Amino acid sequence: MGQTLAEILDEAARGRFPETDGRTTVVAAPSARDTGAIAFTAHSVVFTDEDPEWVHTTLAALECDALAATMHPGFLTALLERTGRVTDTIDLLTVASSLPGAPGLELREVTDPVHPRVTSARRRRDGVRMWEADGGVLVLGRGVAGRWEVAVELDEDARHRGLGRALATAARHLVPPGEPLWSQQAAGNARSIRAFQAAGFRPVGSEVLLSLIRGRERSS
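Residues numbered from 1 in each chain as written. Predicted model: local features only at pLDDT ≥ 70, side-chain atom pairs only at ≥ 80, totals over all residues. Heavy atoms only, no water.

1. Re the nonpolar core
1) Next: In terms of nonpolar packing, the biggest core is built from 18 residues, with L138, L140, V150, L167, L181 and F201 touching the most fellow members.
2) Next: For this core, the secondary structure elements donating two or more residues are β6 (126-133), β7 (136-142), β8 (148-154) and α5 (163-174).
3) Next: For this core, the element with the most residues is α5, which contributes five residues.
4) Next: Excluding residues that lie within four positions of it along the chain, L167 makes contacts with L105, L107, A133, G136, V137, L138, V152 and L154.
5) Next: In terms of nonpolar packing, the next biggest core, distinct from the first, is built from 17 residues, W54, V55, L62 and L76 among them. (Core = buried A, V, L, I, M, F, W, Y, C linked by side-chain atoms within 4.5 Å. Buried < 20%, exposed > 50% of the residue type's maximum accessible area, 1.4 Å probe, protein only. Helix = DSSP H or I, 4+ residues; strand = E, 2+ residues; numbered from the N terminus. Contact = heavy atoms within 4.5 Å.)

And the structure:
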């Protein structure tokens, strides 16, 4: 298994996962912005600049299945309090390979730097770009550990037409050849999960990201 989060993710994108040994690996946070945890099958990775001994001690103190410990509310609450961060939800982490050629969907790039969706994406990603199609948008950027990430958003009246799947598929044409493309879907958002899996995204694990409290980004 790789020694950095970027190496671990690169391996996982190619179907080479950490050993299913029930352990938790603690690696350094890849940036001041990115802290969190990923639970693969029977192996978790916590990426943080906190003391690894504190992480392992906190996990061991939980009264739960060890395989579920890194996603347990008790551990996440302790990590949030220790780091002074916030989080939204636990996501399903998915990945797909790039596709050759141009997207099979007509897209228009949005260059407005203060578009609300772009502004929101920049809190978690670098090099953000956004495209729109009739009824929806896709946002692409470099997220955790520099990985390519995509998010899709649809207008309410454009749902149930396959547009989510089409946008997710189009994003695979927009990343550099040979680069994996990652996406997160909230575990309860079955509609989004179905759309991304129909677009060829494979489940990798669960992920929780701890964000800097808004207003503290510049001082970090």
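2. Quick look at the side chain of S44
1) Next: As for its placement among the helices and strands, S44 is situated in strand β3 (residues 43-47).
2) Next: Residue classification places S44 among the buried residues on the basis of a relative accessible area of 5%.
3) Next: Engagement of the side chain of S44 in a polar contact is seen with the side chain of T70, the distance being 2.8 Å.
4) Next: Those residues in contact with S44 that lie beyond four places of it in its chain are R23, T24, T25, I38, A39 and T70. (Polar contact = N/O pair within 3.5 Å; in protein donor to acceptor, adjacent residues only side chain to side chain.)

3. Observations concerning the pattern of salt bridges
1) Next: For the structure on display, the rule yields twelve salt bridges.
2) Next: Residue D126 is joined to R33 by a salt bridge in which the shortest nitrogen-to-oxygen separation is 3.3 Å. Here the residue D126 occupies a position in strand β6, and R33 occupies one in the loop between β1 (24-27) and β2 (35-40), the gap between them amounting to 93 residues.
3) Next: The exposure class of D126 is partly exposed, given its relative accessible area of 46%. (Salt bridge = Lys/Arg side-chain N within 4 Å of Asp/Glu carboxyl O.)

4. Concerning the sheet that holds strand β10 (residues 202-210)
1) Next: The strand order β1-β3-β2-β10-β4-β9-β8-β7-β6-β5 describes an open sheet built from ten strands, whose pairing is mixed. Lying at the two open borders of the sheet, with one neighbouring strand each, are β1 and β5 (108-110). On average, adjacent strands in this sheet sit at an angle of 30° to one another, irrespective of strand direction.
2) Next: With five bridges joining them, β2 and β10 adopt antiparallel strand pairing. Within β10, the residue paired with G36 across the bridge is L209.
3) Next: Helix-sheet contacts for helix α2 (residues 52-60) involve β1 and β3, and the interaxial angle to β1 is about 150°. (Pairing = 2+ DSSP bridges. Axes fitted to C-alpha atoms, helices over the stretch in contact; angles between N-to-C directions.)

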